[in-house]
Amino acid sequence: MNLLRRSSVLLGLVVFSLIVTRIHAADTATPKQKSEIPEAGDLKLDWAWQPLIAGPLFFLSVHRSGAVHIFNRDEKSGDIKFMQSIPVAADLGRAGTHVDPYLAFSAKHILYVAGEWTHAHGDGDAIGLSWYQIDPKDGAFKKLGNIPCAAGVLYPTPDPNTLYLAAHFADQIHVIKLDPSDGKPTVAEKITGKGIGHGLQFSPDRKFAYSMGGDGTLGWLTCAPDGKLTYAGSLTLPDLKAGKDNLSLFISPEGKHVYAALFKRYDPPDTAYVALLKRDEQSGALSFGDKLPAGSMGGVGQVTFTPDGRTAYACADPEKPASGLSYIKRDPETGKLSDLTKVPGANPAAFFAYAPDTGTLYLAGTWSTKTFKIYDALKSPPTKP
């Protein structure tokens, strides 16, 4: 009788544990707001733009002030503390001008800033490429220089002396070489080809890069260990209307599935469908696989997967149906995606940054919020010794 009772208790504990585990798993999929940073003094947040995690440092560029804010970041908790602000627009003689600043950070503690002036100066008017030496202790900075450079978004590469710039107005990818001694950048090569220039995504082994064209097509390139890029091919999706459609491209962490969310660019941004693409691991080539239900993914910009590939975080700006922060569940075997689940109270945002090691998600804001929100999100499991 005692044995039977003990067995029942043990079974009950196991069942309870499984229920709690499932509840916890479902619960932790939804990011929970941890803190909110408002504007204060030099910390202007009138449309925060790109957040960038760099070990013990954290950077946040701002669209309307043209500044880049420098924070100290606790690598255990993910908490950040404001230190300094770089007046990038003022450094270039255009204080108060709207800027879209894009960032990259090197192992030599050099911050690179590219992008474009917007509105008053017209889209496509590049700000060039500036670089600053950053002191990781207190965020003190020193401007090192500025060179002419196309408007675009910066991406790091496995080679510490190479950056890529997705030059979206030129429909090109630029290879930027950094001087090993002082970090000075030089535009070494401009890659052209159908389906490139609008963003970059990389295969897990970093041997291939994937991009999008202004007409909504997809292109791919091979990446050498020294940063050299070679254009390899392109894919046009079914039902594409040139000049009216746009894509959001994202890759699962194991590289098994590639997704392209196709939506109308100038009409109301209803998503036509989400393309599930097949990727040849040897050649990097993409081929069309299946159409997934679009759901409410209209206008999704950035999508980032958790390391296990079962969840993805997504955001969109205020003009899109997917505005705000959301998460998507994914079947790692089939690649099928669930519909977006909105995170209550999240800012509409163009970008976010996700640190799986601390389970921290940093969400930029817009002109309407003037705040910057930090969330607890899914954390990577501990690495086995």
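No experiment lies behind these values; they were computed from the predicted model shown.

S.K.: Teacher, can you tell me more about the confidence of the model for the protein chain here?
M.R.: Caution is warranted with low-pLDDT regions, since their predicted coordinates should not be read in detail. Taken over all residues, the pLDDT of the protein chain has a mean of 83, while the share at 70 or more is 82%. Summarising per-element confidence for the protein chain, the mean pLDDT is lowest in helix α1 (residues 2-29) (38) and highest in strand β4 (residues 68-73) (97). Taken as a whole, residues 1-27 scores under 50 in pLDDT and shows one contact with residues more than four places along the chain or in a different chain.

S.K.: Got a minute to help me understand the sheet that holds strand β15 (residues 201-202) in this structure?
M.R.: Whenever strands of a sheet pair, they do so through backbone hydrogen bonds, lying parallel or antiparallel. Taken together, four strands build an open sheet; the order of strands is β15-β16-β17-β18 and the sheet is antiparallel. Taken across any chain shown, the strands that pair with only one partner, and hence form the sheet edges, are β15 and β18 (229-235). Of the pairings in the sheet, the one linking strand β17 (residues 218-223) to β18 comprises six bridges and is antiparallel in character. Across the sheet, residue tryptophan 220 finds its bridge partner in β18, namely glycine 233.

S.K.: Explanation requested: the pattern of salt bridges in the structure shown.
M.R.: Side chains that differ in charge, positive against negative, can pair when their charged atoms come close. If you walk through the whole model with that rule in mind, you get eight salt bridges. Among the ionic pairs, glutamate 254 bridges to arginine 330, the shortest N-O distance being 2.7 Å. Note that glutamate 254 is positioned in the loop between β19 (245-251) and β20 (258-264) and arginine 330 in the loop between β25 (324-329) and β26 (341-342), a separation of 76 residues in sequence. Residue lysine 336 pairs with aspartate 290 through a salt bridge whose shortest N-O separation is 2.9 Å.

S.K.: For this particular structure, what's the right way to read the sheet that holds strand β13 (residues 172-178)?
M.R.: Spatial strand order, β11-β12-β13-β14: four strands in an open sheet with antiparallel pairing. Two strands in the sheet have a free side with no partner beyond their single neighbour: β11 (153-156) and β14 (185-192). Each strand of the sheet is rotated relative to its neighbour by a mean of 25°, with strand direction disregarded. Of the pairings in the sheet, the one linking β11 to strand β12 (residues 162-167) comprises four bridges and is antiparallel in character. Residue pairing across strands places proline 156 opposite leucine 163, the latter belonging to β12.

S.K.: Is there a simple way to think about the nonpolar core in this case?
M.R.: In globular proteins that are soluble, nonpolar side chains generally tend to be buried together. Core analysis: the largest hydrophobic core is formed by 18 residues, its most contacted members being Tyr155, Tyr164, Ile173, Ile191, Leu200, Phe202 and Leu229. When contributions to this core are tallied by element, the ones reaching two or more residues are β11, β12, β13 and β17. Once you skip the residues sitting within four places of it in the chain, phenylalanine 202 turns out to touch Tyr155, Pro156, Tyr164, Phe208, Ala209, Cys223 and Ile251. In terms of nonpolar packing, the next biggest core, distinct from the first, is built from 17 residues, Val68, Ile70, Val88 and Val113 among them.

S.K.: Would you take a moment to explain the side chain of histidine 63 for this structure?
M.R.: With respect to the secondary-structure elements, histidine 63 resides in the loop between β3 (57-62) and β4. Among the polar contacts listed, one links the side chain of histidine 63 to the side chain of aspartate 100, at a separation of 2.7 Å.

S.K.: Teacher, can you tell me more about unusual backbone geometry here?
M.R.: For residues that are not glycine, phi is negative in most cases, and the peptide bond is trans in most cases. The phi torsion at tryptophan 47 lies on the positive side, around 70°, for a residue other than glycine. Position of tryptophan 47 relative to the elements: it lies in the loop between β1 (32-38) and β2 (48-54). One non-glycine residue, arginine 206, lies in the positive phi region at around 60°. You can see arginine 206 is positioned in the loop between β15 and β16 (208-212).

Rules used in this analysis
- Residues numbered from 1 in each chain as written.
- Predicted model: local features only at pLDDT ≥ 70, side-chain atom pairs only at ≥ 80, totals over all residues.
- Heavy atoms only, no water.
- pLDDT = per-residue confidence, 0-100.
- Helix = DSSP H or I, 4+ residues; strand = E, 2+ residues; numbered from the N terminus.
- Contact = heavy atoms within 4.5 Å.
- Pairing = 2+ DSSP bridges.
- Salt bridge = Lys/Arg side-chain N within 4 Å of Asp/Glu carboxyl O.
- Axes fitted to C-alpha atoms, helices over the stretch in contact; angles between N-to-C directions.
- Core = buried A, V, L, I, M, F, W, Y, C linked by side-chain atoms within 4.5 Å.
- Buried < 20%, exposed > 50% of the residue type's maximum accessible area, 1.4 Å probe, protein only.
- Polar contact = N/O pair within 3.5 Å; in protein donor to acceptor, adjacent residues only side chain to side chain.

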